[in-house]
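# Descriptive structure summary
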Amino acid sequence: MSIRHGLLALLERGPRYGSQLRTEFESRTGSTWPLNVGQVYTTLNRLERDGMVVQDGEDEAGHALYAITDNGRTELRSWFENPVDRTSPARDELAIKLAMAVGAPGVDIRDVIQSQRRHTVKAMQDYTRLKAQAITAVERGGAQERDDVAWLLVLEQLIFQTEAEARWLDHCEARLIRLSAAAAAKGEAAGNAGPAGVATGAASTQRTGTARRR
């Protein structure tokens, strides 16, 4: 849905053709969510079917132009005015991976967490570096200032997201350690079925894993 409404937002600024919309969408979001021309035209065809855009002639180079309709503007206003629905969250690959790693034969969930943490921290560093560049571009101003501000907001969302992911990974590791300690206190053997049995392998990270994290 974000592509659909993103294209409507760009078309509200005036008629555009497919590859132009793709370029402007990626410029506004810093190519964080790249589009291909096929995606753009498929979305435009659906918007046209729904009465939200119409073909509006051609430019000098022969590109078919699309323009937003009143129905499209109404849809766009509704999108801006209403919060993003979180009652049906998108699938998160990392959450699914850790959920499936619990009790998976031959899988050490500690290694999965440590590997992801390294990647997440690296991504956070890269986003922070890009943020500094975006701030410089915004302060400098110029013809692309609107896109620079938009990219800065996207980058800051990505930074907050990776920071939250890093905290969640720390929490997951701490949770496994606590479950392992509880299992050991009850005299349960390592490898038993159930959450406590799965977590026993995490006990050895109470010292080494925590040290690595620091």
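Refer to the structure presented above.
With that settled, the discussion passes to the packing of aromatic side chains. With the rule as written, the count across this model stands at 2 aromatic pairs. Relative to Phe 80, the ring of Trp 79 lies with its centre 5.2 Å away and its plane at 40°, an arrangement referred to as tilted. Exposure remark for Trp 79: the relative accessible area of 33% places this residue in the partly exposed category. You can call Phe 80 partly exposed: its relative accessible area is 48%.

Taking 1.5 Å of rise per residue, the 13 residues of helix α3 (residues 37–49) would be expected to cover 18 Å, and the 18 Å separating its terminal C-alpha atoms lies within 8% of that figure. Along α3, the positions that sit buried rather than exposed are Val 40, Thr 43, Leu 44 and Leu 47. Buried residues along α3 cover an arc of 105° about the axis, so they all sit on one side. Each element contacted by the buried residues of α3 is listed here: α1 (2–11), α2 (18–29), β1 (53–58) and β2 (64–68). Sitting at the amino-terminal end of α3 is Asn 36, which places a side-chain oxygen 3.1 Å from the backbone nitrogen of Gly 38. The positive-phi residue at the C-terminal boundary of α3 is Gly 51, with phi of around 75°.

With that settled, consider unusual backbone geometry. Note: most residues except glycine have negative phi, and most peptide bonds are trans. Non-glycine residue Ser 31 carries a positive phi angle of around 60°. Structurally, the position occupied by Ser 31 is in the loop between α2 and α3. Residue classification places Ser 31 among the partly exposed residues on the basis of a relative accessible area of 42%.

Attention now moves to the nonpolar core. Formed by 15 residues in total, the largest nonpolar core has its most connected members in Leu 8, Leu 11, Leu 21, Val 40, Leu 44 and Val 53. Counting residues per element, the ones that place at least two in this core are α1, α2, α3 and β2. By residue number, the principal contributor to this core is α1, which donates 4 residues. Apart from the residues within four sequence positions on either side, Leu 11 is in contact with Arg 16, Leu 21, Leu 44, Val 53, Tyr 66 and Ile 68. Core analysis: the next-biggest nonpolar cluster, separate from the first, contains 9 residues, Ile 109, Ile 113, Cys 172 and Leu 176 among them.

Parameters at a glance
Residues numbered from 1 in each chain as written. Predicted model: local features only at pLDDT ≥ 70, side-chain atom pairs only at ≥ 80, totals over all residues. Heavy atoms only, no water. Phe/Tyr/Trp six-rings, centres within 6.5 Å; stacked < 30°, edge-to-face > 60°. Buried < 20%, exposed > 50% of the residue type's maximum accessible area, 1.4 Å probe, protein only. Helix = DSSP H or I, 4+ residues; strand = E, 2+ residues; numbered from the N terminus. Expected span 1.5 Å × (residues − 1). Arc of directions from axis to C-beta. Contact = heavy atoms within 4.5 Å. Polar contact = N/O pair within 3.5 Å; in protein donor to acceptor, adjacent residues only side chain to side chain. Core = buried A, V, L, I, M, F, W, Y, C linked by side-chain atoms within 4.5 Å.

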